[in-house]
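Structural overview for review
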Amino acid sequence: MFDSSRVESSTGRWSIPIGLFLGSLLLVAATLKDYGITWDEPAYFHASDLQNQWLVEFGENLLRFDLGKSLQDENIKKVWHWDPYHVPHPPFSRIVSGITKATFAPYVDKFVAYRLGPALFFALLVTCIYVWMRHLFDEATGLFSALALLVIPNLFGFAHIAVTDIALAAMWFFTVYCFSRGLDNWRWSIVLGLVWGLALATKFPALMLPVPLLLWAHLYLRADYRNNLFSMIFLGPLVAVASQPYMWHQPGLRFLEFLYEGISRGYRPETNFSIFFLNQIYYTATLPWYYPFFIVGITTPEVILALALLGALLIPWLKAQRGTMLLFLINALFLVCLALAPGAVLHDGVRQLLSALPFLAGLAGGGFYLLFNWLVSACQRASALRGVQHIKAKVAAATLIFLLFPPLLDVWLCHPFELSYYNHLVGGIRGAYARGLEVTYFMEALTPGFLRSLNAKLPPNAVINASTANFMFAYYQKEGRLRPDIKMTDTGPFNYYILLNRRSILSARQQLLLNGTTQPYLSVRIAGVPLVAVFEINKPEQRPSSNAHADRK
């Protein structure tokens, strides 16, 4: 399996990357339907449709040599700056989702078609880390690093959600990869400019990407990064502007607007959301300094953390790979420390730190390589194993299974609630809940299965109050996923109270209802922790509890 001649063969070079790409893409695609629509997605879906329509009209007008209407600033703003509060980020990830929706909507569910966009980013990320780590180390390490991405619950969960987070994580990693390749190949420097330009067109933090790259390059390879720097200065911004029609008019002023929107989010009340941490409500500026390190540490599988720490500590012993492993470490630390910068926001758990996780997987790959080679040496020295053939391949297979099975089991047990995952350092999901950590925030827990239960069990003309989630139930009703006779109210009389257990926005009375003795009419629970609960109001007796999903884990 790990014979060097096979790796060097054409089949060996391409079959595994293609298999990883298709396998991870199909795995995510097959499970896209399991997740509820998240808080931001309805607006993103609509923006994708507007952009798709504009791009089609732009192509038609280009063929007719009549671009005047498409290029009018008012028409561009209506599409590419439609609702800057709900869709504040650049458009690249939505363009990709729009393309997958237009391509696959005739064949699959509409929501699934949009979400094939992030699935594509994730599959490319899995493939990229395999290719890079195989080149640096060996095939076993490449496989471990790629599979590690699949078993990090938050990465796998966000691969199903059509927002900017998995796209930024992928584009950040791709940019770092292209930078490393561009050090000795000017063609890769050109690719670097293109990729970083698209990263800038994905989300604001990509603007900070040159900092860790140039810091690393200037310390270790200061004579080799001129082509990269030239491409990033001159080509990257051109690609960023070209892929954002909103920037075509008044680009200087709108770039300043882009800067303001990015660095002021932590200071504006409408974008600086509350954070529930250790039974207290915080805002980003008031969080303890260790929060970003802590939240990454408790939402990453323990085996990935341990191997990443091993890989980081033993970088001096990785002579051939020392520079690249240090590049991973600098990027991982920079992304976590970036959360401490003025104006940064840290709501939604590890979501804002997602881009650091592929670099943790890369560091864990280095730890795996060291452990794997130590095990191979030990087995080769053991007299009882001297007659065993293909000992290296067998040790690799056993080590991969032993290390990756526990986090794989966690993903299986959590699904489709990977965004609620906490590792055993805080006692899993149940322990995290008891310690006052947020277990759900993004509305993916309002799953299709939960909606089917509502449709089946609520009586005709039922009136519901879903508190802050009323807009989402209205959206589901508009899309035909919720019965049309069900009515929603914010203030009037209602029969059923639906609560998402996002404790950062719940009142004390709502938390008491969720955690008290009143049995819910319906609920979504995991590990005994309620994520969503429906309560029957103004009834003399509660009906027996009926769970939309059985307890998991």
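See the structure printed just above.
Quick summary incoming for the structure in this document. (Residues numbered from 1 in each chain as written. Predicted model: local features only at pLDDT ≥ 70, side-chain atom pairs only at ≥ 80, totals over all residues. Heavy atoms only, no water.)

1. A few points about the overall build of the protein
- In terms of helices and strands, the protein carries 23 helices and eight strands.
- A globule of 553 residues ought to have a C-alpha radius of gyration of about 24 Å, and the protein, at 25 Å, matches this closely.
- The C-alpha extent of the protein, read off along each of the three principal axes, is 75 × 70 × 45 Å.
- The proportion of buried residues among the 553 residues of the protein is 56%. (Helix = DSSP H or I, 4+ residues; strand = E, 2+ residues; numbered from the N terminus. Rg over C-alpha atoms; globule rule 2.2 N^0.38 Å. Buried < 20%, exposed > 50% of the residue type's maximum accessible area, 1.4 Å probe, protein only.)

2. A short note on the pairing of strand E6 (residues 522–526)
- Of all five residues in E6, four are buried; the element is thus mostly enclosed.
- Relative to strand E7 (residues 529–536), E6 runs antiparallel, the two being bridged by five bridges. If you follow Ser523 over to E7, its bridge partner there is Ala533.
- The antiparallel pairing of E6 with E7 creates a hairpin that spans two residues between the two strands, and Ala527 there sits at a positive phi of about 55°. (Pairing = 2+ DSSP bridges.)

3. Quick word on the environment of Phe173
- Inspection of the secondary structure puts Phe173 in helix H10 (residues 165–182).
- Among the residues examined, Phe173 registers a relative accessible area of 0% and is labelled buried.
- Along the primary structure Phe173 and Asn331 are separated by 158 residues, whereas in three dimensions their C-alpha atoms are 9.2 Å apart.
- If near-sequence neighbours (up to four positions away) are discounted, Phe173 is found in contact with Leu125, Cys128, Ile129, Trp132, Phe328, Pro358 and Phe359. (Contact = heavy atoms within 4.5 Å.)

4. Concerning the side chain of Thr141
- With respect to the secondary-structure elements, Thr141 resides in helix H8 (residues 139–150).
- Note on Thr141: relative accessible area 0%, which makes it buried.
- If sequence neighbours within four positions are ignored, Thr141 has contacts with Met133, Gly365, Phe368 and Tyr369.

5. Considering H8
- With twelve residues, H8 should reach 16 Å at 1.5 Å per residue; the first-to-last C-alpha distance of 17 Å fits that figure.
- Among the twelve residues that make up H8, eleven are buried, leaving the element largely enclosed by the rest of the structure.
- Where H8 is concerned, the buried positions are Glu139, Ala140, Thr141, Gly142, Leu143, Phe144, Ser145, Ala146, Ala148, Leu149 and Leu150.
- You can read the cap of H8 off the contacts: a side-chain oxygen lies 3.3 Å from the backbone nitrogen of Ala140, and it is on Asp138. (Expected span 1.5 Å × (residues − 1). Polar contact = N/O pair within 3.5 Å; in protein donor to acceptor, adjacent residues only side chain to side chain.)

6. A few points about the nonpolar core
- In terms of nonpolar packing, the biggest core is built from 163 residues, with Phe122, Phe144, Phe450, Leu454 and Phe473 touching the most fellow members.
- Per element, the largest residue contribution to this core is 16 residues, and it comes from helix H7 (residues 110–136).
- Leave out the neighbours within four places in its chain, and Leu454 touches Phe473, Leu482, Arg483, Ile498, Leu522 and Val534. (Core = buried A, V, L, I, M, F, W, Y, C linked by side-chain atoms within 4.5 Å.)

7. Some details on the packing of helix H11 (residues 186–200) against helix H13 (residues 226–242)
- Look at H11 against H13: their axes get within 7 Å of each other, and the N-to-C directions meet at 40°. When the axis of H11 is compared with that of H13, the two are oblique. In this structure, the crossing between H11 and H13 has a hand that is right-handed. Where H11 approaches H13, its residues Trp186, Ser189, Ile190, Leu192, Gly193, Leu194, Trp196, Gly197, Leu198 and Leu200 are matched on the opposing element by Asn227, Asn228, Ser231, Met232, Leu235, Gly236, Pro237, Val239 and Ala240.
- By residue class, the composition of the contact of H11 with H13 is twelve nonpolar, seven polar and no charged. (Axes fitted to C-alpha atoms, helices over the stretch in contact; angles between N-to-C directions. Parallel < 35°, antiparallel > 145°, perpendicular 65-115°, else oblique. Left-handed = near helix turned anticlockwise from the far one by under 90°. Nonpolar A, V, L, I, M, F, W, Y, C, P; charged D, E, K, R; others polar.)

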